[in-house]
Amino acid sequence: MDKVRAKAFMGSMVNILNSGAVSMMVSIGHRTGLFDTMAGAGPLTSDQLAEKSELNERYVREWLAAMASSGVVDYDASNDSFELPVEHQALVTRAGGALNLATMMQYTALLGQVEDDVVDAFRTGAGVPYSRYPDFQRLMAEESAAVFDATLLDATIPNIPGAVEALTEGAALADVGCGSGHAVLLLAEAFPNSHFTGFDFSDEGLETARSRASEAGLTNVDFVAVDAAELDATDAFDIVTTFDAIHDQAQPAIVLSNIHRAVKPGGHYLCVEPKAASSLAENMTDPMATFQYTVSTMHCMSVSIAGGGEGLGTAWGTELTTEFLETAGFEDITMAEVRADRANSHFVCRKS
Ligand SMILES: C[S@@+](CC[C@H](N)C(=O)[O-])C[C@H]1O[C@@H](n2cnc3c(N)ncnc32)[C@H](O)[C@@H]1O
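Below is a summary of the structure that appears in this document. (Residues numbered from 1 in each chain as written. Predicted model: local features only at pLDDT ≥ 70, side-chain atom pairs only at ≥ 80, totals over all residues. Heavy atoms only, no water.)

**A word on the overall build of the chain**
Filter applied, for reference: Each helix is a run of DSSP H or I of at least 4 residues and each strand a run of E of at least 2, with the numbering of both proceeding from the N terminus. We compute the radius of gyration from the C-alpha atoms alone; for a globule the expected value is 2.2 Å times N to the 0.38, where N is the number of residues. Three labels apply to residues, based on accessible area from a 1.4 Å probe with only protein chains included: buried if under 20% of the type maximum, exposed if over 50%, partly exposed otherwise in between. Two residues form a contact once any of their heavy atoms are found within 4.5 Å. A 1.4 Å probe and the Shrake-Rupley method give the accessible areas. Residues count as covered only by the protein chains that appear here. For this count, His and the chain ends are skipped, Lys and Arg are scored as positive, and Asp and Glu as negative. Taken as the charge centre is NZ of Lys, CZ of Arg, CG of Asp or CD of Glu, depending on the residue.
The number of helices and strands found in the chain is 15 helices and 9 strands. Computed over C-alpha atoms, the radius of gyration of the chain comes to 22 Å, within 12% of the 20 Å expected from 2.2 N^0.38 for 352 residues, which places it in the range of a compact globule. Based on the C-alpha atoms only, the size of the chain along its principal axes is roughly 70 × 55 × 35 Å. Burial status across the chain gives 45% buried among its 352 residues. Looking at the chain alone, contacts between residues at least 24 apart form 69% of all its contacts between residues at least 6 apart. Total accessible area computed for the chain in this model is approximately 17,400 Å², and 54% of it derives from carbon and sulfur atoms. With 20 positive and 49 negative side-chain charges, the chain shows a spacing of 5 Å between the two charge centroids.

**Concerning a negative patch on the surface**
Inclusion rule: Nonpolar side chains (Val, Leu, Ile, Met, Phe, Trp, Tyr) within 5 Å and like charges within 9 Å form the patches, drawn only from residues with over 30% relative accessible area and no salt bridge. Salt bridge criterion: a side-chain nitrogen from Lys or Arg within 4 Å of a carboxyl oxygen from Asp or Glu.
Negative charge collects at one region of the surface, where Glu282, Glu319, Glu323 and Glu326 lie side by side. At 3 residues, the largest contribution of residues to the negative patch is made by helix H15 (residues 317-328). We classify glutamate 323 as partly exposed; its relative accessible area is 47%.

**Re the packing of helix H8 (residues 136-156) against helix H10 (residues 182-190)**
Note the threshold: To get an axis, a line is fitted to the C-alpha atoms, and for a helix only the part in contact is used. The angle between two axes follows their N-to-C directions and goes from 0 to 180 degrees. Crossing handedness is defined as follows: a turn of the near helix away from the far one that is anticlockwise and smaller than a right angle gives a left-handed crossing, while the clockwise case is right-handed. Each residue is assigned to one class: nonpolar for Ala, Val, Leu, Ile, Met, Phe, Trp, Tyr, Cys and Pro, charged for Asp, Glu, Lys and Arg, and polar for all the others, Gly among them.
It is at 10 Å that the axes of H8 and H10 come closest, and there the two elements cross at 35 degrees. Of the two possible hands of crossing, H8 and H10 adopt the one that is right-handed. Of the residues in H10, those in contact with Ala145, Phe148, Asp149, Leu152 and Leu153 of H8 are His182, Ala183, Leu186, Leu187 and Ala190. Looking at the contact of H8 with H10 residue by residue, the class counts come to 8 nonpolar, 1 polar and 1 charged.

**Description of the side chain of aspartate 341**
Heads up, the rule is: The definition of a polar contact used here is a pair of N or O atoms within 3.5 Å, where within protein one atom must be able to donate a hydrogen and the other to accept one, and adjacent residues in sequence count solely through side-chain atom pairs.
Considering the arrangement of structural elements, one finds aspartate 341 in the loop between strand E8 (331-336) and strand E9 (344-350). The side chain of aspartate 341 sits in the buried core without any salt bridge; arginine 342 is the nearest counter-charge, 7.2 Å away. Looking at aspartate 341, its side chain comes within polar contact range of the side chain of asparagine 344, at 3.0 Å.

**Describing the pattern of salt bridges**
The final tally for this structure, using the stated rule, is 11 salt bridges. Residues glutamate 57 and arginine 61 are paired through a salt bridge, measuring 2.9 Å at the closest nitrogen-oxygen approach. Separated by 4 residues within a single helix, glutamate 57 and arginine 61 lie in helix H4 (residues 57-69), roughly one turn from each other. Where salt bridges share partners, they join Asp135, Arg138 and Glu142 into one cluster.

**So, a nonpolar patch on the surface**
A cluster of nonpolar side chains, contributed by Phe9, Met13 and Ile16, occupies part of the molecular surface with about 320 Å² of accessible area. Along the chain, phenylalanine 9 falls in helix H1 (residues 3-31).

**Things to note about the pairing of strand E3 (residues 172-176)**
Basically, it comes down to this: At least two DSSP bridges between two strands are required for those strands to pair. By definition, the crossover connecting two strands over a helix is right-handed if that path, from the first strand to the second, turns clockwise as seen with the strands pointing away from the viewer.
The element E3 is largely enclosed, with a buried count of 5 among its 5 residues. Residues Ala172, Ala174 and Val176 point to one face of E3 and Leu173 and Asp175 to the other, with burial holding for every one of them. Looking at chain direction, E3 and strand E4 (residues 195-200) are connected through 5 bridges and run parallel. Residue aspartate 175 lies in a different strand from E4, and its bridge partner there is glycine 198. A crossover connection joins E3 to the parallel E4 through H10; in handedness this β-α-β unit is right-handed. Note that E3 and strand E6 (residues 237-243) share 3 bridges and pair parallel. Residue pairing in the sheet places alanine 174 in a bridge with valine 240 of E6.

Structure (structure tokens):
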């Protein structure tokens, strides 16, 4: 028994307890707009912040106490005021766009809602279906939209050889597992000569996507309900994309093979998946590894298993992804760099 180690671990456990707790309070700060109100406002008392944000003072004061004691905001005890330091602003405000990690903190509460299901699943080996995550589409859309806004048109699409030229002239692109369709809508607006199809099996995601397309007056886009494992298209698209939509498939190999068949010869498939290696040993030093394995257990692996699937997990990683892409028939698989999308790997694949 190493007493020093035991004491250090006690400190770690207290930190873990506090971090779990504060992630929920950061999520609340994001959802209530408290961080956005504090940004650039200088020192504020709880009364001033409550008034400015039109929220209940007692709740705001308790939230501020958690934010101050965790170091998210500065506290001046001499006048009981709180300030969001300029160095913290991008990481917790909507103005921070893709840098805003407060968006991600919403997953703590979302995943907490299915803890009972997941505990049962540990005993039975069963999965947890998508229907058990009522807020998933909204949260996923919010999280990925910030990344799409920052990267899709300027970096992600230009990484596909010839894509900008083809889409400018007029091409067909499909996004499989499109969710609420933000990527498809950005592309449809930027490339009016091309046609875009979003596929998903979530009615909620598709309804949001369709209503946003009609609000924007876009006529070059369709959102189609389909299970990607039954996608039956041959040589139909110049480009197919998936964003974070393969690892949680029940039948990833069948879906990739369907995508391969759907791409025209000489066309491309862009597969964007969470950045990880396929082995735990290599992921041990990755700062996002714990979050990935947790989201995997509480969602990605479990929804796949619920569909009778393989449960690849969020961190199925580069090596295994490449194997699956090759097995599906893709050639010239390269990894593209998108600096502002730190959480994902971009596999650009060609169909010969
Ligand atoms: C992690 S979300 C990503 C959504 C979107 N691509 C984004 O980045 O915001 C995965 C999406 O794939 C969809 N999906 C999962 N399995 C599917 C299947 N077999 N067929 C069609 N869609 C599927 C889910 O409904 C969900 O919208």
